[in-house]
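Below, each chain spelled out in residue letters.
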Amino acid sequence: MSDETKKSPPEEESGQPRTSSELEQPARGGQSIDEVKGVHAPDLLPEPKNAVEKFVAPVAGFGVTMATLFKPVVTEQYPREKAPVEPRFHGRHQLNRHPDGLEKCIGCELCAWACPADAIFVEGANNTPEAQYSPGERYGAVYQINYLRCIFCGLCIEACPTRALTMTNEFELADQTREKLIFTKDDLLAPLREGMLAAPHPMAEGTTDGSYYRGEVTGPARNSVEWVRENRPDEPSLDSAAAAAERSGATK
Ligand code: SF4
Ligand code: SF4
């Protein structure tokens, strides 16, 4: 290596080593470091041109503050006032029901397979004449969503073949223990609407699962109401379901 390459650049210019602070401030725009150091910020401000500018100059910096004082307040008063979310906001999941109260979930596990966060656990089981929870052969016997894992991507609801699984707009999911953030089927199942009959109960007489998916079952059927009256006479939803069955005839 030659002597020239060993020398540091500052030493080459002045012959004297420079301080570390000088080395951190390289010359700009062709000015020397001393010239740059001699310029103070106030010197860069334009001089007030007339008497009005001179008068307001000391308080000009408050212009933005004063203008903002008279604009509408945008602070949200959450949680006292909840701001509405967009209609397609991805919130807590819901397991839906058919109009007669049977569950739409058939326990196929497609939602669990689609989930990139492995947040869903499903265990399917066979419907029986004594316990029919959904139209067709199978129903979701165990259903869990772990909200410590869920990233609310919505892939599970896209995968669901029966529209059993959808997402609500509810976003207040914080809680104090990990266990409370694993939602079970009871937490996720949609509440019974007026006139629905809680499962299990038989499918409407003369229908197949296809009738349910085509929307041909619009409420509880008389045979379903009678079955529940015999097997679960204390079922709270029985009276309103019986009234709905009388009104509509139910199967079509
Ligand atoms: S929203 Fe996404 S992360 Fe959450 S359960 Fe569904 S697929 Fe899994
Ligand atoms: S929610 Fe849908 S995809 Fe998941 S198990 Fe039930 S029917 Fe299958």
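Residues numbered from 1 in each chain as written. Chains lettered and ligands numbered in written order. Predicted model: local features only at pLDDT ≥ 70, side-chain atom pairs only at ≥ 80, totals over all residues.

Among the 13 residues in the neighbourhood of ligand 1, the closest are listed as C115, A117, C150, C153 and C156. Its residues assigned to classes, the shell around ligand 1 comprises 12 nonpolar, one polar and no charged. (Near = placed C-beta within 6 Å. Nonpolar A, V, L, I, M, F, W, Y, C, P; charged D, E, K, R; others polar.)

Mapped onto the elements of the fold, P79 is located in the loop between helix 7 (63-69) and strand 1 (93-95). Of the residues examined, P79 has 7 C-beta atoms within 10 Å and is grouped as exposed. It is 9.8 Å that separates the C-alpha atoms of P79 and E172, two residues lying 93 residues apart in sequence. (Helix = DSSP H or I, 4+ residues; strand = E, 2+ residues; numbered from the N terminus. Buried ≥ 20, exposed ≤ 12 C-beta atoms within 10 Å, placed from the backbone.)

Before going further, it helps to spend a moment on the site of ligand 2. In the vicinity of ligand 2 lie 14 residues, with C105, C108, C111, C160 and L165 positioned nearest. Its residues assigned to classes, the shell around ligand 2 comprises 10 nonpolar, three polar and one charged.

By the bridge criterion, seven bridges tie strand 2 (residues 120-126) to strand 3 (residues 138-146) in an arrangement that is antiparallel. When the sheet's bridge partners are listed, G124 is paired in strand 3 with G140. In this structure, strand 3 lies alongside strand 5 (residues 182-184), joined through three bridges in antiparallel fashion. When the sheet's bridge partners are listed, N146 is paired in strand 5 with I182. (Pairing = 2+ DSSP bridges.)

Another point: the confidence of the model for the chain. Confidence along the chain averages 86 in pLDDT terms, with 81% of residues attaining 70 or more. Note on residues 1-14: pLDDT is under 50 here. Beyond four places in sequence and across chains, it has six contacts. (pLDDT = per-residue confidence, 0-100. Contact = placed C-beta atoms within 7 Å.)

Taken together, the buried positions of helix 13 (residues 238-248) are A241, A244 and A245. Relative to the axis of helix 13, the buried residues are bounded by an arc of 100° and lie together on one face. In helix 13, the exposed positions angled more than 90 degrees off the buried face are occupied by D239, E246 and R247. (Arc of directions from axis to C-beta.)

Note on placement: R88 falls in the loop between helix 7 and strand 1. Overall, the presence of 8 C-beta atoms within 10 Å leaves R88 in the exposed class. Separated by 81 residues in the primary sequence, R88 and N169 place their C-alpha atoms 7.5 Å from one another.

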